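# Inside the fold
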Amino acid sequence: MSNNNTVRSNVYSPQPTFTKSSQLDKAVGASMLIAASAVFLYYTIWTLLLPFVDPTHPLQSLFPPRVWAIRIPVILLLLGGAVVGSFLSVVMIRSNRKKAMKARQKEQGKKKA
C-alpha cells in the first residue's frame, strides 16, 4: 500500500525571476494604462457631463467645442484604418514578390537541367 499523504520532494516549482526588462515592461504597461484611463475620463466628462454644465461656467474653457468630440474619433479611425490597410498591402506585396522570385528560380533550375 502506498501512502498518499507524503509530500513529493522532487516536484519542480520554479520561482519567478524578475529581470530589468520585465520591470521596465511593467512600468511601461502601467504608464500606458494610466494614460488610457486619463484620456477615457477626459473624453467621458467632455461628452457626457459637459452638456449639463452652464455654458458660462469656467469648466467649459478646459474642453474644446463639442463638435470635436465626433471629429477626433472619426479622424483617428480613418488614420488607423489607413495605417492597417497600408501595412497589409505592404505585407501582401512583399509576399507576392517572394513567391514570384521562388517561381523564377524554380523555372530557371528546370531550364538548366
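Higher on the page you've got the structure.
Note that residues are indexed from 1 along each chain, following the sequence as it is written. Thresholds applied to this predicted model are a pLDDT of at least 70 for local features of residues and 80 or more for the giving and counting of side-chain atom pairs; totals over whole chains, interfaces and linings are not thresholded and use all residues. No hydrogens and no water enter the side-chain calculation; it runs on all heavy atoms of the structure.

### Re the overall build of the chain
The line we're drawing: Secondary structure is summarised from DSSP: a helix means a run of H or I of at least four residues, a strand means a run of E of at least two, and numbering begins at the N terminus for each. We call a residue buried when its accessible area falls under 20% of the maximum for its residue type, exposed when it is over 50%, and partly exposed in between, using a 1.4 Å probe and counting protein chains only. Accessible surface area values rest on a Shrake-Rupley calculation with a 1.4 Å probe, where residue burial reflects the displayed protein chains alone.
Helix and strand content of the chain: two helices and zero strands. Classification of the 113 residues of the chain by burial places 4% in the buried group. A total accessible area of about 10700 Å² is found for the chain, and carbon and sulfur atoms account for 68% of it.

### Remarks on a positive patch on the surface
The following threshold applies: By definition, no residue in a patch forms a salt bridge, and every one has over 30% relative accessible area; like charges are joined within 9 Å, nonpolar side chains (Val, Leu, Ile, Met, Phe, Trp, Tyr) within 5 Å. Counted as salt bridges are all cases of a side-chain nitrogen of Lys or Arg within 4 Å of a carboxyl oxygen of Asp or Glu. This count recognises Lys and Arg as positive and Asp and Glu as negative, with His and chain-terminal groups excluded. Where a charge lies is defined by one atom per residue type: Lys uses NZ, Arg uses CZ, Asp uses CG and Glu uses CD.
There is a patch of like positive charges on the surface, built from Arg94, Arg97, Lys98 and Lys102. Within the element layout of this structure, lysine 98 appears in helix 2 (residues 68-112).

### Observations concerning the side chain of glutamine 60
Inclusion rule: By the criterion applied in these results, polar contacts are pairs of N or O atoms within 3.5 Å in which, for protein atoms, one can donate a hydrogen and the other can accept it, and in which residues neighboring in sequence qualify only through two side-chain atoms. Residues are treated as being in contact if the distance between any of their heavy atoms lies within 4.5 Å.
By the element assignment, glutamine 60 lies in the loop between helix 1 (20-49) and helix 2. Within the local environment of glutamine 60, its side chain forms a polar contact with the backbone oxygen of valine 53, the two atoms lying 3.2 Å apart. If we skip the residues at most four places from it in the chain, glutamine 60 touches Leu50, Val53, Asp54, Pro55 and Arg66.

### Here we look at a nonpolar patch on the surface
On the surface, a cluster of nonpolar side chains totalling about 530 Å² of accessible area is made up of Val67, Trp68, Ile72, Ile75, Leu76 and Leu79. Relative to the helices and strands, isoleucine 75 is located in helix 2.

### A word on the packing of aromatic side chains
Two descriptors summarise a pair of aromatic rings, namely the distance from one centre to the other and the angle between the planes of the rings. Here is the rule we go by: Any pair of Phe, Tyr and Trp rings, taking the six-membered ring for Trp, is counted once the centres come within 6.5 Å. Such a pair is stacked with planes under 30 degrees apart, edge-to-face with planes over 60 apart, and tilted for the rest. Ring-over charges, as used throughout, are those where CZ of Arg or NZ of Lys falls within 6 Å of the ring centre and within 35 degrees of the ring normal.
The final tally for this structure, using the stated rule, is three aromatic pairs. Ring centres 5.8 Å apart and planes at 85° place the aromatic pair tyrosine 43 and tryptophan 46 in the edge-to-face group. With tyrosine 43 and tryptophan 46 both in helix 1, this residue pair falls three residues apart, about one helical turn. Taking relative accessible area as the criterion, tyrosine 43 reaches 32% and is therefore assigned partly exposed. Members of the aromatic cluster, joined through ring pairs, are Tyr42, Tyr43, Trp46 and Phe63. Geometry around tryptophan 68 places arginine 71 over its ring, the cationic atom sitting 4.9 Å from the centre.

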